[in-house]
Amino acid sequence: MKKYRILNITLIAAGLFAVQSCFVAKDYKRPAAVVNEANFRTDVIAKDSVSVASVSWKEIFTDSQLQALINQGLQNNLDIRTALQNVAVAEAYAKQGKAGYLPTLTIGPKYTNTVTSANTQFGAVLGKQYLSQYELSGSLSWEADIWGKIRSNQRGVAATYLQTIEAHKAVKSQIVASIANSYYTLLALDEQKKILDQTLINREQSLETTKALKEAGTVTEVAVNQTDAQLYNVKSQLVDVENNIKLNENILSVLLGANPEKIDRSSLESQVINAQLSVGVPAQLLENRPDVKAAEFGLINSFESVNIANANFYPSLTITANSGIQGIHIEKLFDAQSVFSSVIAGLTQPILQQRKLRTQKEVALANQEIALINYRNKILTASKEVSDALYNYDAAVKKAELKQKEFTSYDNAIKNSEELLNYGMVNYLDVITARDNGLNAELSIVNAKLASLNSMVELYRAVGGGWQ
């Protein structure tokens, strides 16, 4: 009898091995969407440059007040806190996935009270019966991972966990960039307000001078009116700038996870732009972007879901064991005669499942294709953003230099036209035009420097920096 049991077990094992050879869970391989320099449309990438993405944001943003704001934002920003909870959820599922190889075990007492009917075949002979049974038992069940279903599930939930980690990094990177851009915008508005405040003083003095020149007969009432109009124009620009300062302080406060309040800050002129960034980004840095990594982990999860869907078509081997004590008299419950046990090994092959298994596989394949499309789209988007950031940064630096030269020329024109006006050698319209052009050029310098700072921030974010 024992020999027959061994033979049966051997035959079952050989049969399972033969069937298993028809299907084994596949291992994930990265698709052909390789990141290389062909993904970049730019001509300013240095071949031997250091990875900017690996540089901490504290080394990029050296302003101590900006660093304090970024620290506050990383601790209190609501999007980051939500991302952290997503990580906690995924971590819990990952721990559950690791326990997939373990058996399930339940244990507990049970009491059963049965009253039989007297109107049945046995009840007619025995009459109504009152039966009570006491039981203390445990049940253990374990499924063999023949087709790699449990392993695929473990890999899938692990990929989901890593995906949330990368998503958290992406949120941090975006928050750091948003705080830096908002901070620089406030500094630029402060600088514009300073320029307009000084211009307002100059225009008030010019109005007094123009009135004196009119009294002397050098200019007409038209010149006074034009100077007065310029004064009101500056005051209206000041209203806009002061309003924008308050609005941007509110925006930055929300990024910091705080109620709208005044933001302590330094000055625009104290900001340093790292010019090496324009040539410090090799093409392979695209792989450092956390959103691209998150998309690939999503693809891995969908790939493992296809493995699981395929494995569901094959038989499952489950071993169930029950053991305990039971009896109709509680005082004899712990007697040796009350012990019972059973072991069941079952091999179940799904046949008709109302098309559930086929639907699961079709859905898994479709989700895998969606994940693949999303992954490739992330790569394309990231390569575009890096290329855009490199070009914008280079253009912003060049434009800032040209705007400074433009302002110098207009400033000289203002001084010369005002001096010539005193001698009656130019029309007052020339002075008005020079002043307007000078003010616009000076404000443009501020905008150009802000564009340089913002493009530096965007370049740093585009290559995957900011979360370290």
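Predicted model only: the values in this text are computed from it and were never measured. (Residues numbered from 1 in each chain as written. Predicted model: local features only at pLDDT ≥ 70, side-chain atom pairs only at ≥ 80, totals over all residues. Heavy atoms only, no water.)

(A) Region of interest: the nonpolar core. In this structure, Phe61, Leu66, Ile179, Tyr184, Leu252 and Met456 are the most contacted members of the largest nonpolar core, which totals 42 residues. Residue assignment for this core shows that the elements contributing at least two residues are α2 (57–60), α3 (64–76), α6 (149–215), α7 (221–255) and α10 (428–462). The element best represented in this core is α6, accounting for 15 residues. Aside from chain neighbours lying at most four places away, what touches Leu252 is Leu69, Ile179, Ser182, Tyr183, Leu186 and Ile263. Counting eight residues, the second largest nonpolar core, distinct from the first, contains Val292, Ala295, Ala371 and Tyr375. (Core = buried A, V, L, I, M, F, W, Y, C linked by side-chain atoms within 4.5 Å. Buried < 20%, exposed > 50% of the residue type's maximum accessible area, 1.4 Å probe, protein only. Helix = DSSP H or I, 4+ residues; strand = E, 2+ residues; numbered from the N terminus. Contact = heavy atoms within 4.5 Å.)

(B) Geometry of the packing of aromatic side chains. Applying the stated criterion across every chain yields a total of five aromatic pairs. Centroid distance Tyr28 to Phe303: 5.8 Å. Interplanar angle 75°. Geometry classified as edge-to-face. Linking Tyr28 in the loop between α1 (2–20) and α2 with Phe303 in helix α8 (residues 290–311), this pair joins segments that are 275 residues apart in sequence. On the basis of relative accessible area, Tyr28 is assigned to the partly exposed category, the value being 22%. (Phe/Tyr/Trp six-rings, centres within 6.5 Å; stacked < 30°, edge-to-face > 60°.)

(C) Main features of helix α4 (residues 78–98). Along its 21 residues, α4 runs 31 Å from first to last C-alpha, staying within 8% of the 30 Å computed at 1.5 Å per residue. Taken as a whole, α4 has its buried residues at Ile80, Ala83, Val87, Ala90, Ala94 and Gly97. Within α4, the buried residues cover an arc of 80° as seen down the axis, which keeps them to one side. For α4, the exposed residues lying more than 90 degrees away from the buried face are Leu78, Gln85, Tyr93, Lys95 and Gln96. (Expected span 1.5 Å × (residues − 1). Arc of directions from axis to C-beta.)

(D) Here's a closer look at the pattern of salt bridges. If you walk through the whole model with that rule in mind, you get 20 salt bridges. Between Arg155 and Asp27 there is a salt bridge, with the nearest N and O atoms lying 2.8 Å from each other. Of the two residues, Arg155 is situated in helix α6 and Asp27 in the loop between α1 and α2; the sequence distance between them amounts to 128 residues. Taking the relative accessible area as the measure of exposure, Asp27 reaches 49% and is therefore partly exposed. Across the pair Glu221 and Lys214 runs a salt bridge whose closest N-O atoms are separated by 3.5 Å. (Salt bridge = Lys/Arg side-chain N within 4 Å of Asp/Glu carboxyl O.)

(E) Representation of the sheet that holds strand β3 (residues 316–327) within the structure. Strand order across the open sheet formed by four strands is β1-β2-β3-β4, with antiparallel pairing between neighbours. Here the strands that pair on one side only, and so sit at the sheet edges, are β1 (104–115) and β4 (339–348). Along the sheet, successive strands turn relative to each other by an average axial angle of 20°, direction set aside. Bridging between β1 and strand β2 (residues 130–143) involves twelve bridges; their strand directions are antiparallel. Directly across from Asn113, in β2, lies its bridge partner Ser132. (Pairing = 2+ DSSP bridges. Axes fitted to C-alpha atoms, helices over the stretch in contact; angles between N-to-C directions.)

(F) Fine view of unusual backbone geometry. Look at Gln354: it is not a glycine, yet its phi comes out positive at around 55°. Among the structural elements, Gln354 can be located in the loop between β4 and α9 (356–422).

(G) Quick look at the side chain of Ser253. With respect to the helices and strands, Ser253 occurs in helix α7. A polar side-chain atom of Ser253 sits 2.8 Å from the main-chain carbonyl oxygen of Glu249. Here Ser253 is in contact with Ala258, Asn259, Pro260, Glu261 and Ile263, once residues within four sequence places are set aside. (Polar contact = N/O pair within 3.5 Å; in protein donor to acceptor, adjacent residues only side chain to side chain.)

(H) Seen up close, empty space enclosed by the protein. One pass over the full model with this rule turns up one cavity of 30 Å³ or more. In terms of lining residues, the largest cavity is bounded by Glu143, Ala144, Asp145, Ile146, Trp147, Gly148, Lys149, Ile150, Ala311, Tyr314, Pro315 and Ser316. Classifying every residue of the lining of the largest cavity gives seven nonpolar, two polar and three charged. (1 Å grid on protein atoms, 1.4 Å probe; cavity = no way out; pocket = protein on both sides within 12 Å on 5 of 7 lines; lining within 4 Å. Points joined across faces, edges and corners; volume = space filled by probe spheres on them. Nonpolar A, V, L, I, M, F, W, Y, C, P; charged D, E, K, R; others polar.)

(I) Representation of the environment of Gly298. The topology assignment puts Gly298 in helix α8. The sequence separation of Gly298 and Asn367 amounts to 69 residues, and the corresponding C-alpha distance is 9.9 Å.

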